[in-house]
Amino acid sequence: MTDSGFRLKGSVVTTVLLEIQTFSLDDIVFHLKEKIDQVPHFFNQAPIIIDISKMKRGIRIEEFETLIQSVSSLGLGVIGWRCDPENLPAWKSSVTIPLLPASKARSIDTSPVIKKEECPDVVVKTVIEERLVPQTTKVITKPIRSGQQVYSEGDLIVLTQVSAGAEVLADGNIHVYGALRGRALAGVKGDVEARIFCKSMEAELVSIAGNFMLSDTLQDIVWKESAQVLLVDDSLEIVPL
Amino acid sequence: MAKIIVVTSGKGGVGKTTSSAAIGTGIALKGHKTVIIDFDVGLRNLDLIMGCERRVVYDFVNVINKEATLSQALIKDKRTPGLFILPASQTRDKDALTTEGVQEVLEDLAKEFDYIICDSPAGIERGAQMALYFADAAIVVTNPEVSSVRDSDRILGILQSKSKRAEDGREPIEEYLLLTRYHPERVALGEMLSVSDVEDILAIPLIGVIPESEAVLKASNQGAPVILDVESEAGQAYIDAVDRLMGEERPLRFLEVQKKSFIKRLLGG
């Protein structure tokens, strides 16, 4: 048991990586603000790591601290910084935020399509840390009622219905062998290959890897019929089964 | 061993107390010793519907607090043999219901009674959760309209997750749907959900459809459970529901729009 009143546990969170290519504070702040305004929900208090490993020239500690402050003032939470281990600046131990090791992260570009010439110097990337997760499938045999929430770390299989006002979430796929009347969110950790299958599409919301669609739109495509939902080129497709 | 049946709905005003009174009376009429407990502490109504409000001296909370014994608080129904009422307190609130206190009272009642009907208050908070916590079966009272159906769905979720049976990992609570205030004319006009719509959404067995009826209001005001009004459609529908609850098969009645007779139409009725 816990004698000390706390427990130390490992945890993995999805963070945003701010990769600086050229240091121009005003430009960075301007373009970053523009990005945030597009999806304020996503960035609000989002943990962010500042990465200066791609910078061609060095950066002074004063400049770097100003950058941290500017980024924080945009409503992001700077949790650390990264640098090329071969090229660590002399001031590395005087920075107020922790230096994080370079990761084996794979990156997914979530930036909207921008023509090459107007491409800003700041690139915001969502980083998904790679880790081994046992793909456990959860099977639910009873109706999921309004107000209930079910989450599976792998696939989620519901043998009956998902009522209106209920929510099912899975890191993997979601199968509903009844009416899907509530909200279904597949690939919640960013798996763009995840899909939703249901016997009768009557959902309030369907989402795959954060791309969602509401019932208003669904009603025009497939309604009260069996359907699958998948992500094709960043947009949701609803296909009758 | 007594069977504990909670009459619940989530939403208020759908007919829980009317149904508790009718079903409790119906079960007692079949010769089973039955007690109806009013869990709506602070909004005591069951005694009015049962017509015993003038005989309330001690109540459920007094028994929990050991200020009175069960036999002092139980009110014997004057009309139906083998039927007792345990009234709620009007001057207290739902926090007076402690899990241990309720359990003790139910255990004592179980020694003497065959059926214990718990009339739940509206909502999903403490009062409602206490009423359903020890239940073996639940009658979910629903009106054929969307908000009532949604709330019933919510209560069904709570029955599955927050009852003692669920916590102990025993057989889940038996769930039955009782559709009340059903208005075939308005269903035909598409203004109300039909029986099959509600069954489709809630997906639990139906034990009765009670038509909207003036007899219900009349019975409430007279302080006599509507099931005793055997002439009325509502009374007959409750008799059917009790029969089904006891495992008998009864065809559904009063679901069709009734054609007005020639004479009624002549008289402009």
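What counts and how
Residues numbered from 1 in each chain as written. Chains lettered and ligands numbered in written order. Predicted model: local features only at pLDDT ≥ 70, side-chain atom pairs only at ≥ 80, totals over all residues. Heavy atoms only, no water. Helix = DSSP H or I, 4+ residues; strand = E, 2+ residues; numbered from the N terminus. Buried < 20%, exposed > 50% of the residue type's maximum accessible area, 1.4 Å probe, protein only. Contact = heavy atoms within 4.5 Å. Domains from an automatic or database assignment. Pairing = 2+ DSSP bridges. Axes fitted to C-alpha atoms, helices over the stretch in contact; angles between N-to-C directions. UniProt positions renumbered as here; feature names shortened; annotations may be inferred. Buried area = accessible area lost by both parts, 1.4 Å probe. Salt bridge = Lys/Arg side-chain N within 4 Å of Asp/Glu carboxyl O. Polar contact = N/O pair within 3.5 Å; in protein donor to acceptor, adjacent residues only side chain to side chain. Disulfide = S-S within 2.5 Å. Patch = residues over 30% accessible without salt bridge, like charges linked within 9 Å, V, L, I, M, F, W, Y side chains within 5 Å. Areas by Shrake-Rupley, 256 points an atom, 1.4 Å probe, with all protein chains shown as cover. Lys, Arg positive; Asp, Glu negative; His and termini not counted. Charge placed at Lys NZ, Arg CZ, Asp CG, Glu CD. 1 Å grid on protein atoms, 1.4 Å probe; cavity = no way out; pocket = protein on both sides within 12 Å on 5 of 7 lines; lining within 4 Å. Points joined across faces, edges and corners; volume = space filled by probe spheres on them. Nonpolar A, V, L, I, M, F, W, Y, C, P; charged D, E, K, R; others polar.

### Concerning the overall build of chain A
Part 1 of the argument: Looking only at helices and strands, chain A features 4 helices and 16 strands.
Part 2 of the argument: Relative to its full complement of 241 residues, chain A shows a buried share of 42%.
Part 3 of the argument: Long-range contacts, defined as pairs at least 24 residues apart, comprise 38% of the intrachain contacts of chain A with a sequence gap of at least 6.

### Focus: the domain arrangement of chain A
Part 1 of the argument: Here chain A is partitioned into domain 1 (14-128) and domain 2 (137-240).
Part 2 of the argument: Taking the mean C-alpha position of each, domain 1 of chain A and domain 2 of chain A sit 34 Å from one another.

### As for the sheet that holds strand S4 (residues 83-86) of chain B
Residues and elements named next belong to chain B.
Part 1 of the argument: An order of S3-S4-S2-S5-S1-S6-S7-S8 is seen for the 8 strands of this open sheet, with the pairing classed as mixed. Strand pairing shows two members of the sheet lacking a second neighbour, strand S3 (75-76) and strand S8 (206-211), which therefore form its edges.
Part 2 of the argument: One ladder, built from 5 bridges, connects strand S1 (residues 3-8) with strand S5 (residues 115-119); its direction is parallel. Within the sheet, the bridge partner assigned to Lys-3 lies in S5 and is Tyr-115.
Part 3 of the argument: Strand contacts of helix H12 (residues 233-245): S1, strand S6 (137-142), strand S7 (174-182) and S8, with the helix running at about 175° to S8, the strand carrying the most contacts.

### A closer look at the UniProt feature "domain: Septum formation inhibitor MinC N-terminal" (unreviewed entry) in chain A
Part 1 of the argument: Cross-referencing UniProt, the feature "domain: Septum formation inhibitor MinC N-terminal" (unreviewed entry) maps to residues 6-76 of chain A in the present numbering.
Part 2 of the argument: Across residues 6-76 of chain A one finds 44% helix and 15% strand; the C-alpha atoms that close the span lie 27 Å apart.

### A look at the interface of chain A and chain B
Accessible area lost when the parts come together is the quantity often used to give the size of an interface.
Part 1 of the argument: Between chain A and chain B, the residue contacts involve 12 residues of the former and 14 residues of the latter.
Part 2 of the argument: Between chain A and chain B, a total of about 970 Å² is buried, with carbon and sulfur atoms accounting for 39% of that surface.
Part 3 of the argument: Of all residues in chain A, Arg145(A), Ser146(A) and Arg181(A) bury the most surface against chain B, accounting for 52% of the area lost on that side.
Part 4 of the argument: Along the contact surface separating chain A from chain B lie 3 salt bridges.
Part 5 of the argument: The partner of Asp200(B) in a salt bridge is Arg181(A), with the nearest N and O atoms 3.0 Å apart.
Part 6 of the argument: Inspection of the region where chain A meets chain B yields 7 residue pairs in polar contact (both at pLDDT 80 or more).

### Quick word on the state of the cysteines
Here a disulfide denotes a covalent bond joining the sulfur atom of one cysteine to the sulfur atom of another.
Residues and elements named next belong to chain B.
Part 1 of the argument: According to the stated counting rule, one finds 0 disulfides over all chains in the structure shown.
Part 2 of the argument: In this model Cys-52 remains outside any disulfide bridge; the closest cysteine sulfur is found in Cys-118, 16 Å from its own.
Part 3 of the argument: Since its relative accessible area comes to 3%, Cys-52 is described here as buried.
Part 4 of the argument: Using a relative accessible area of 0% as the deciding quantity, one classes Cys-118 as buried.

### A word on a positive patch on the surface
Residues and elements named next belong to chain B.
Part 1 of the argument: A grouping of Arg-55, Lys-76, Lys-78 and Arg-79 is seen on the molecular surface, where their side chains present a positively charged patch.
Part 2 of the argument: Topologically, Lys-78 is positioned in the loop between S3 and S4.
Part 3 of the argument: For Lys-78, a relative accessible area of 71% gives the class exposed.

### Re empty space enclosed by the protein
All names here are of chain B.
Part 1 of the argument: If you walk through the whole model with that rule in mind, you get 1 cavity of 30 Å³ or more.
Part 2 of the argument: Lining the largest cavity are Gly-208, Val-209, Ala-237, Asp-240, Arg-244, Leu-252, Arg-253 and Phe-254.
Part 3 of the argument: Among the elements of the structure, S8 and H12 are those that each provide at least two residues to the lining of the largest cavity.
Part 4 of the argument: Among the elements that take part in the lining of the largest cavity, H12 stands out by supplying 3 residues, more than any other.
Part 5 of the argument: A class-by-class count of the residues in the lining of the largest cavity yields 4 nonpolar, 1 polar and 3 charged.

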